[in-house]
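Breakdown of the fold
Below are the chains, spelled out letter by letter.
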Amino acid sequence: MNKDLTVGEPQKVLWLFCLPLFGSIIFQQLYNIADSFVVGKFEGENALAAVGNSYEVTLIFIAFAFGCNIGCSVIVSRLFGTKAYSRMKTAVYTSLIATGVLCAILMVIGMIGCEKLLYMIHTPREVFADSRLYLDIYLFGLPFLFFYNVATGIFSALGDSRTPFYFLASSSLANIAMDILFVKGFHMGVSGVAWATFLCQGVSCLLAMTVVLRRLGKISVDDETDGKVQLFSWNLLGKIAVVAIPSILQQSFISVGNIVLQGVINGFGPSVMAGYSAAIKLNNLVITSLTTIGNGISNYVSQNIGAGKMDRVKQGFCAGIKLVWMLCIPLVLLYWFGGRYLLYLFMKDITGRAIDTGLMFLRIVSPFYFIVAVKLVADGVLRGAALMGRFMIATFTDLVLRVILALVFSVPLGSSGIWCAWPLGWVIGMVLSVLFYRNGPWKKEE
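What counts, and where the lines are drawn
- Residues numbered from 1 in each chain as written.
- Predicted model: local features only at pLDDT ≥ 70, side-chain atom pairs only at ≥ 80, totals over all residues.
- Heavy atoms only, no water.
- Salt bridge = Lys/Arg side-chain N within 4 Å of Asp/Glu carboxyl O.
- Helix = DSSP H or I, 4+ residues; strand = E, 2+ residues; numbered from the N terminus.
- Buried < 20%, exposed > 50% of the residue type's maximum accessible area, 1.4 Å probe, protein only.
- 1 Å grid on protein atoms, 1.4 Å probe; cavity = no way out; pocket = protein on both sides within 12 Å on 5 of 7 lines; lining within 4 Å.
- Points joined across faces, edges and corners; volume = space filled by probe spheres on them.
- Axes fitted to C-alpha atoms, helices over the stretch in contact; angles between N-to-C directions.
- Parallel < 35°, antiparallel > 145°, perpendicular 65-115°, else oblique.
- Nonpolar A, V, L, I, M, F, W, Y, C, P; charged D, E, K, R; others polar.
- Expected span 1.5 Å × (residues − 1).
- Bend = angle between axes of the 7 residues up to and from the residue.

**What about the pattern of salt bridges?**
- Scanning the model with the defined rule gives five salt bridges in all.
- We note a salt bridge from arginine 215 to aspartate 160, for which the minimum N-O separation is 2.9 Å. With arginine 215 in helix 7 (residues 190-217) and aspartate 160 in the loop between helix 5 (142-157) and helix 6 (162-185), this pair connects stretches of sequence that are 55 residues apart. Each member of the pair, arginine 215 together with aspartate 160, is buried.
- With its nearest N and O atoms 3.5 Å apart, the salt bridge here joins arginine 340 to aspartate 356.

Spelled out as structure tokens, the structure:
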């Protein structure tokens with residue numbers, strides 16, 4: 001069902017819209033968590049390290065898919081808020097065509113360059129073959145990843161956060177079952193979890209695209225007042241790109257930064273790699289969830305700006321802070337006190353260097369989830385208002401500091417020094433994001 005986010009009590013409207021998004025991303029993260037869980041339990045430490053090592057490379061492709069999602073979502077949301085349905089449909093079709101072209105280019109680049117990238121990050125010999133195998137299969141599934149992300153962006157723009165949740169919940173649970181079947185039942189190893197993800201994402205993508213296109217078909221357009229629906233518009237592509245490219249750059253730089261860090265981590269050996277692989281999955285579960293709520297706030301802000309309701313933007317920011325902090329409290333407590341047992345889900349042995357590495361990461365990083373949550377809410381507002389210059393400055397400052405500090409601290413402090421860089425980058429990035437939010441166009445309403 002399409003939902004107008006410009007009417008109703010802001011906190012209630014935003015929470016009802018964002019909570020299904022939170023549920024959706026939890027299930028989406030189960031794809032990667034399930035891969036690590038199954039190979040770690042049934043194949044061992046090296047297989048877990050290989051999947052974790054490959055995951056950092058896949059984040060580059062996810063960054064582009066995310067950019068397509070948010071670029072399409074913000075512009076479609078704005079047009080939906082102004083009730084310009086003809087241009088809204090044109091924006092959707094333009095996004096789909098541009099996404100298909102971009103995806104094809106990235107598949108070619110990936111097939112040529114992934115092996116070289118694995119060498120560049122000093123992938124240990126004992127996990128190299130499995131890392132490459134995982135990436136080869138992953139590349140074939142890129143169209144599913146890209147078009148599913150665009151479909152969920154369209155759903156969110158129309159105020160529907162429940163339909164993507166249903167798709168992801170079903171496919172994620174199926175993925176867990178298929179992971180176990182392919183790895184334990186068919187003894188396919190790392191390739192088993194890759195193929196399971198490929199198949200489940202494929203089904204989810206096809207269903208999402210079918211439903212979203214039918215949903216658009218039911219929105220009536222008056223050619224005389226709205227204009228004719230076009231298959232492609234360079235003008236709208238430009239507007240989408242203004243939002244999408246900074247988002248892609250943000251996520252890509254984060255991915256590149258993570259790859260640099262992965263190269264440093266690889267120097268500490270497979271045990272530290274395995275511990276980091278498990279811990280970063282748990283960390284990404286939180287960060288990606290908070291980012292997705294930020295995306296929901298972007299849709300809320302974009303619709304309300306389109307409707308000229310600036311006062312609701314400020315109310316949405318406050319409601320977003322309350323929501324993310326409510327989610328952070330149980331997660332921080334769980335990671336701090338129960339981190340060892342969560343990490344044990346990915347490993348056969350509850351003691352040893354791998355477990356200790358993962359636990360140290362979680363205990364250093366998790367208390368600062370409250371800080372990064374504020375940053376991501378402010379970023380969501382900036383992105384929804386298309387203030388991408390400010391958004392990029394805050395994001396890149398955080399990233400650059402984290403990478404530089406990790407490289408510096410790793411020399412005297414070892415792997416623990418790398419983990420200390422996360423909180424420092426988050427604090428400075430949060431301060432910048434909040435300052436930029438405070439000086440947004442809604443300040444005139446105060």
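**Some points on empty space enclosed by the protein**
- The final tally for this structure, using the stated rule, is four cavities of 30 Å³ or more.
- Put simply, the second largest cavity is a space of about 80 Å³.
- Lining the second largest cavity we find Tyr134, Ile137, Tyr138, Gly141, Leu142, Leu145, Ala194, Thr197, Phe198 and Gln201.
- Contributions of two or more residues to the lining of the second largest cavity are made by helix 4 (125-140), helix 5 and helix 7.
- It is helix 7 that contributes the most residues to the lining of the second largest cavity, four residues altogether.

**Concerning the packing of helix 10 (residues 270-306) against helix 11 (residues 311-344)**
- At a minimum axis separation of 11 Å, helix 10 and helix 11 run at an interaxial angle of 170°. Viewed along their axes, helix 10 and helix 11 adopt a mutual orientation that is roughly antiparallel.
- For the contact of helix 10 with helix 11, the class distribution of residues is 20 nonpolar, four polar and one charged.

**Re helix 11**
- In this model helix 11 runs 47 Å from its N-terminal to its C-terminal C-alpha over 34 residues, within 8% of the 50 Å that 1.5 Å per residue would give.
- Where helix 11 bends most, at glycine 338, the angle is about 85°.

**Details of helix 13 (residues 369-384)**
- For helix 13, built from 16 residues, the straight-helix expectation of 22 Å at 1.5 Å per residue is met to within 8% by its first-to-last C-alpha distance of 22 Å.
- With 14 of 16 residues buried, helix 13 is to be regarded as a mostly interior element.
- One or two steps after helix 13, the chain reaches alanine 386, where phi turns positive at roughly 60°.

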